[in-house]
Amino acid sequence: MYRKVFISGVSGFIGRTLGSYLCNRNYTVYGLSRDPQKTSDETDKRIQLLPWLGDDENWIHDIDQSSVFIHLAGSNISTHRWSDRIKNQIRSSRVLTGKYLVQLFKQNNKYPGLFLQASAIGYYGNVSEGLVDESSPKGAGFLADTSSEWENSTKELENAGIKRHVLRIGMVLGRDGGALPKLVLPQKYFLGAYFGSGSQGISWIHLNDLAGVIGHLIENESELSIFNLTAPKPVSNKNFCKIVGKVIKRPCLFKLPAKILEIILGEMGRELILNGAFVHPQAVLKTGYEFKYPELYDALSNLLLKS
Ligand SMILES: NC(=O)c1ccc[n+]([C@@H]2O[C@H](COP(=O)([O-])OP(=O)(O)OC[C@H]3O[C@@H](n4cnc5c(N)ncnc54)[C@H](OP(=O)(O)O)[C@@H]3O)[C@@H](O)[C@H]2O)c1
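Residues numbered from 1 in each chain as written. Predicted model: local features only at pLDDT ≥ 70, side-chain atom pairs only at ≥ 80, totals over all residues. Heavy atoms only, no water.

### Examining the pairing of strand E2 (residues 28-33)
(1) Moving on: With five of its six residues buried, E2 lies for the most part within the structure.
(2) Moving on: Alignment of strand E1 (residues 4-8) against E2, held across five bridges, turns out to be parallel. In the strand pairing of E2, Ser 8 is matched with Leu 32.
(3) Moving on: Regarding topology, helix H1 (residues 13-24) serves as the crossover connection from E1 to the parallel E2, and that connection is right-handed. (Buried < 20%, exposed > 50% of the residue type's maximum accessible area, 1.4 Å probe, protein only. Helix = DSSP H or I, 4+ residues; strand = E, 2+ residues; numbered from the N terminus. Pairing = 2+ DSSP bridges. Right-handed = clockwise from strand over helix to strand, strands pointing away.)

### Focus: the packing of helix H3 (residues 84-108) against helix H4 (residues 142-152)
(1) Moving on: Running from N to C, H3 and H4 cross one another at 20°; their axes reach a closest spacing of 9 Å. Here H3 is positioned roughly parallel relative to H4, judged by the angle of their axes. For the crossing formed where H3 meets H4, the hand is right-handed. Contacts between H3 and H4 involve Lys 87, Ile 90, Arg 91, Arg 94 and Val 95 from the former and Phe 142, Thr 146, Glu 149 and Trp 150 from the latter.
(2) Moving on: When the residues that make up the contact of H3 with H4 are grouped by side-chain class, the tally is four nonpolar, one polar and four charged. (Axes fitted to C-alpha atoms, helices over the stretch in contact; angles between N-to-C directions. Parallel < 35°, antiparallel > 145°, perpendicular 65-115°, else oblique. Left-handed = near helix turned anticlockwise from the far one by under 90°. Contact = heavy atoms within 4.5 Å. Nonpolar A, V, L, I, M, F, W, Y, C, P; charged D, E, K, R; others polar.)

### A short note on the pattern of salt bridges
(1) Moving on: In the structure shown here, the tally under the stated rule is twelve salt bridges.
(2) Moving on: For Lys 87, the salt bridge goes to Glu 267, with nearest N and O atoms at 2.8 Å. In this pair, Lys 87 sits in helix H3 while Glu 267 sits in helix H9 (residues 258-274), placing the two residues 180 residues apart along the sequence.
(3) Moving on: Residue Lys 87 is classed as buried on the basis of its relative accessible area of 18%.
(4) Moving on: Residue Lys 138 is joined to Asp 145 by a salt bridge in which the shortest nitrogen-to-oxygen separation is 2.7 Å.
(5) Moving on: Here Lys 138 falls in the partly exposed class, since its relative accessible area comes to 35%.
(6) Moving on: When its relative accessible area of 36% is taken as the criterion, Asp 145 is described as partly exposed. (Salt bridge = Lys/Arg side-chain N within 4 Å of Asp/Glu carboxyl O.)

### Description of the environment of Gly 12
(1) Moving on: Along the chain, Gly 12 falls in the loop between E1 and H1.
(2) Moving on: Looking at Gly 12, the relative accessible area reads 27%, which means it is partly exposed.
(3) Moving on: For Gly 12 and Asn 76, which are 64 residues apart along the polypeptide, the C-alpha to C-alpha distance reads 9.3 Å.

### Digging into the nonpolar core
A general tendency of soluble globular proteins is for nonpolar side chains to be buried together.
(1) Moving on: In terms of nonpolar packing, the biggest core is built from 36 residues, with Ile 7, Leu 22, Ile 70, Leu 210, Ile 214, Ile 218 and Leu 229 touching the most fellow members.
(2) Moving on: Mapped by element, the contributors of at least two residues to this core are E1, H1, strand E4 (67-71), strand E5 (114-120), strand E7 (163-169), helix H7 (207-219), strand E12 (226-229) and helix H10 (282-286).
(3) Moving on: Considering every element that reaches this core, the biggest residue donor is H7, with seven residues.
(4) Moving on: In contact with Leu 229, not counting residues within four places along its chain, are Leu 167, Arg 168, Ile 169, Gly 170, Ile 205, Leu 210, Val 213, Ile 214 and Val 284. (Core = buried A, V, L, I, M, F, W, Y, C linked by side-chain atoms within 4.5 Å.)

Below, the structure written as structure tokens:
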């Protein structure tokens, strides 16, 4: 039913793979970037790159009911320590761009048939016990507040009758980006460590499954509106380190105390590394999607071992 897909933040770690995946499924893919020229070396040549967040939003005239809009754009949350300025950038690059899109659709009376709003499992905050699903409440902290505002920034589209899904994305595991290469590097040199108590949940998803779930949601109507994009078997931080160790044959020997992480990374270290939740993808499983990598060992073997 849908033929065209517009992706904001297409030049990012997720956008690049998702764009190629959707091209392979024969969609016409338009990638929105603040700097299409710079982005063109990094993205699949089949993706038509278009400028946005400037004066020239001509692409809006190509939006119609056969279009899906996937809103991924946002400044990276782990490249800088969280000063007030960085936190403001993280928040505004998500919330203001969401509001901007709603205004643009409204002004031009051009709406996509389906809008996919990225969010993050940071929405649930730090949950130490039990499984979290889509009905679980919002947690506390900067990531929870930002995720909630980010989700709400495009909620108005639902009033205009536009189908909208919110995607609460877990820690995406891929070869060339995201958290995995940084997490594995010390362990390669026999410095494998878990963080704090090591009992905090890591809710991960293989990048191929992330693209697979999004393709599945585009191709299969669902009445549900909020989806946790995580694999069905989250693990504790300590087990994550141990399973990496099994795959690359390097032990997880050390524990990095919470206090040290907090001193080095501040609030960012606390929220991104010391906090966690065991998130269950209940809604995705209800749609009938079958995960290619439900087990962390298999996902890591695929990503970390040469085939
Ligand atoms: N990777 C994960 O594990 C993960 C987990 C949960 C949620 N997410 C969310 O999913 C989205 C995509 O993730 P990703 O890992 O692909 O992120 P990424 O690699 O950091 O890419 C995000 C893209 O957003 C655009 N962007 C950056 N700063 C911006 C700003 N100030 N204003 C507007 N656009 C800006 C950039 O595209 P241009 O420079 O081309 O405009 C960039 O390529 C993000 O919003 C992220 O928070 C990711």
